[in-house]
2 protein chains.
Amino acid sequence: MEQDIAIELLSQTRVSNGWLKRISHHSTTTKSRMTLAIYLPDTANDKPLPVLYWLSGLTCNDENFCQKAGALKLASELGLAIVCPDTSPRGTDYPGEHDSWDFGSAAGFYLNATQAPWSETYQMYDYVVTELPSLIEQNFPVSDLKSISGHSMGGHGALICALKNPGHYRSVSAFSPVTNPSQCPWGEKAFSHYLGSNKQAWEAYDACELIRTSLTERLPLLIDQGSADSFLDVQLKPDNLKQACEAVNHPLTLRVQPEYDHSYYFISTFIDDHLKHHATALGIL
Amino acid sequence: MEQDIAIELLSQTRVSNGWLKRISHHSTTTKSRMTLAIYLPDTANDKPLPVLYWLSGLTCNDENFCQKAGALKLASELGLAIVCPDTSPRGTDYPGEHDSWDFGSAAGFYLNATQAPWSETYQMYDYVVTELPSLIEQNFPVSDLKSISGHSMGGHGALICALKNPGHYRSVSAFSPVTNPSQCPWGEKAFSHYLGSNKQAWEAYDACELIRTSLTERLPLLIDQGSADSFLDVQLKPDNLKQACEAVNHPLTLRVQPEYDHSYYFISTFIDDHLKHHATALGIL
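- You'll find chain A entered in an unreviewed UniProt entry as S-formylglutathione hydrolase, with Neptunomonas antarctica given as the organism.
- Taken verbatim from the UniProt record of chain A, the Function (unreviewed entry) comment is "Serine hydrolase involved in the detoxification of formaldehyde."
- In the Catalytic activity (unreviewed entry) part of its UniProt record, chain A is described as follows: "S-formylglutathione + H2O = formate + glutathione + H(+)".

1. Quick look at the interface of chain A and chain B
- Listed as interface residues are 23 residues of chain A and, on the opposing side, 23 residues of chain B.
- Here chain A is connected to chain B by four salt bridges.
- With a closest N to O distance of 3.1 Å, K73 of chain B and D272 of chain A form a salt bridge.
- Where chain A meets chain B, there are nine residue pairs in polar contact (both at pLDDT 80 or more).

2. Description of the packing of aromatic side chains
- A full pass over the atoms with the stated rule returns 38 aromatic pairs over all chains.
- Relative to Y122 of chain A, the ring of W118 of chain A lies with its centre 5.3 Å away and its plane at 90°, an arrangement referred to as edge-to-face.
- On the basis of relative accessible area, Y122 of chain A is assigned to the buried category, the value being 0%.
- Ring geometry for W54 of chain B against F65 of chain B: centres 4.2 Å apart, planes inclined by 25°, an arrangement best described as stacked. One end of the pair, W54 of chain B, is in strand β4 (residues 49-55); the other, F65 of chain B, is in helix α1 (residues 63-68), with eleven residues separating them in the sequence.
- Since its relative accessible area comes to 0%, W54 of chain B is described here as buried.
- We classify F65 of chain B as buried; its relative accessible area is 1%.
- Members of the aromatic cluster, joined through ring pairs, are W54, F65, F175, Y260, F266 and F270 of chain A.

3. Observations regarding the UniProt feature "active site" (unreviewed entry) in chain A
Residue and element names in this part refer to chain A.
- UniProt records the feature "active site" (unreviewed entry) for S152, D229 and H262 in the present numbering. Taken along the chain, the residues just named run across 111 residues; in space they keep tight, none of their C-alpha pairs more than 10.7 Å apart.
- Classification of S152 by relative accessible area gives buried; the value is 3%.
- Not counting chain neighbours up to four residues away, the residues in contact with S152 comprise G57, F175, S176, P177, V178, W186, L236 and H262.
- Mapped onto the secondary structure, D229 falls in the loop between β8 (221-226) and α7 (232-236).
- Looking at D229, the relative accessible area reads 4%, which means it is buried.

4. What to know about helix α4 (residues 153-163) of chain B
- Taking burial as the measure, the eleven residues of α4 of chain B include eleven buried ones, the bulk of the element.
- For α4 of chain B, the full list of buried residues reads M153, G154, G155, H156, G157, A158, L159, I160, C161, A162 and L163 of chain B.

5. Quick look at the confidence of the model for chain A
- Of the residues in chain A, 96% have a pLDDT of 70 or more, and the chain-wide mean is 96.
- Across the interface, the model reports ipTM at 0.95; the global pTM reads 0.96.

6. A look at the relation of the copies chain A and chain B
- In the superposition of chain A on chain B (RMSD 0.0 Å, axial shift 0.0 Å), the rotation amounts to 180°. Taken together, the rotation angle and the small translation identify this as a two-fold axis.
- Here 100% of the interface residues in chain A have copies in chain B that are interface residues too; the copies meet face to matching face.

7. Brief notes about unusual backbone geometry
All names here are of chain A.
- Note the cis peptide between A116 and P117, where omega equals 0°.
- If you trace the backbone, P117 turns up in the loop between β5 (81-85) and α3 (124-139).
- Although it is not a glycine, S152 adopts a positive phi angle of roughly 60°.
- One can find S152 in the loop between β6 (142-150) and α4 (153-163).

8. Things to note about the pattern of salt bridges
- All chains considered together, the criterion is met by 24 salt bridges over all chains.
- Here R212 of chain A makes a salt bridge to E209 of chain A, at a shortest N to O gap of 3.1 Å. Here R212 of chain A pairs with E209 of chain A, and both are found in helix α6 (residues 207-213), just three residues apart, close to one helical turn.
- One salt bridge in this structure joins K189 of chain B and D102 of chain B, with 2.7 Å as the shortest N-O distance. A residue pair is termed long-range when its members are at least 10 positions apart, and K189 of chain B in helix α5 (residues 185-195) and D102 of chain B in the loop between β5 (81-85) and α3 (124-139) qualify at 87 residues.

Scoring rules and cut-offs
- Along each chain, numbering runs from 1 in the same order as the chain's sequence is written.
- All chains are assigned letters beginning at A, and all ligands numbers beginning at 1, according to the order in which they are written.
- For a predicted model such as this one, the threshold for reporting local features is a pLDDT of at least 70, and the threshold for listing and counting side-chain atom pairs is 80 or more; totals across whole chains, interfaces and linings nevertheless cover every residue.
- The side-chain numbers reported here are obtained from all heavy atoms of the structure, hydrogens and water having been left aside.
- UniProt positions are given in the numbering used here, feature names are shortened, and annotations may be inferred rather than shown by experiment.
- In what follows, residue pairs with any heavy atoms lying within 4.5 Å of each other are defined as contacts.
- By definition, a salt bridge exists where a carboxyl oxygen of Asp or Glu is found within 4 Å of a side-chain nitrogen of Lys or Arg.
- For this analysis, a polar contact is any N or O atom pair within 3.5 Å, provided that within protein one partner can donate a hydrogen and the other can accept it, and provided that sequence-adjacent residues contribute only side-chain to side-chain pairs.
- The pairing test for Phe, Tyr and Trp rings, Trp by its six-membered ring, is centres within 6.5 Å, and the orientation test on the planes gives stacked under 30 degrees, edge-to-face over 60, and tilted for anything in between.
- Relative accessibility thresholds used throughout: buried, under 20% of the residue-type maximum; exposed, over 50%; partly exposed, between the two (1.4 Å probe, protein chains only).
- Comment: elements are numbered from the N terminus, with helices defined as DSSP H or I runs of at least four residues and strands as E runs of at least two.
- Each residue carries a pLDDT score, the predictor's confidence in it, ranging from 0 to 100.
- We superpose the copies by least squares over the C-alpha atoms of residues that have a pLDDT of at least 70 in both of them.

Here's what the structure looks like:
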């Protein structure tokens, strides 16, 4: 239906010889009004741009990456569009939805919730994998070539979206991802509420589990992790992912960056390496 | 006195092969506890670094530039330290100090107030020009080579600090500066409160007036201004500065950037040009 894909332009800002647009639209997947950002370098005027989808972490929205990652300059030079969705549906007020920073609003964990009341709107997995690219490709001068990356909860999101959809993305990377949410406090809290107490249901959204059970394409994983990240041992557990990859010979480049923390300063330091990784896979470098 | 220059390290964050440190210290100039940020690339281990002082605009503190300008990567490559002071003293509660975003806290206008109660602490000009460099040079591995830049109110600050102190800075630049504060609403509001109603006193802090009356060194001015800046005509008035420069043959490079606005996205697009301008003057490029 026409009205379902109507988008509203909230703002457009000139950055690095391109336009950063904030968009609002009604999502049929999350049954919510969703806000997102898309960066379109001027090279969009020449030919359809490949798209990097960036998934942000807990407490973030579509703006953090655009403001703080320092990514748009190289994206412009490469001719790479970047799309940043929000980190959860908004506009609802379920009991407890806004009470903690690691659950509910801004903490959708990029899964399809099965438990009430969350299942009504918290369908971020389907939104990111299916509805969002369709919306972007229908409304902006982009191609259907896609890559995906993200940070922390969004790093988890990038990994599971890529691992669950062979061929959908040309490349995947992550900064400080939650690699094994079934085995860490953030994940246990979110998954038990969104997916229920049956831990078998959690495996479908856990990168370590997906690596172990994957029988299809082995998309190489590029991961940067700061050694001074205060969430490293309790929440992020990169060694679990390393072991899972080694067990099935899944290609992994895990770079532990000495003295870097969990912040966007860390991301800004290494984002250009990730952009080049994706640009190579997308055929523009 | 020893205790007057004691500094407290609030945080240090690894960024682009350097350290971003937030510092707190008691200022004898502003009689306040001041917070500032200093970025020190690892090249500091080799030889003393020249310093770029960055003055931020209304509503900002020491963090905005560090988080949003995307400057630290090239600063690291160049071997350039960057110091970002706060935009006003803090910790006082004068009548009206916190009531508006364009006056009082976060709006010190880089001048020495003469009117009560502001004159007690709002001495940002002396703080930036004298106490701050002294503190930095005593506590960090930097040289006494200095340049200065800033945005909006801070662009005004950079221009007046450079124009009033021949030889003190090797170079000066500004983004979207308030060029003629005596003739715009922001400046009229601030100057009338900080300096009183006698407009002759305002001339000492007005770049256009300083250009007209300057008889000394003519430091070239590099200025970037977005054509879509919503404050352009009413507050910033780059044409007034252009006319002042032309009248006395003061070297000015005024770049009007089509479609760019007043935001840090604009700054992030052109900051590298400014860093190179300063690096050249400082002898590191």
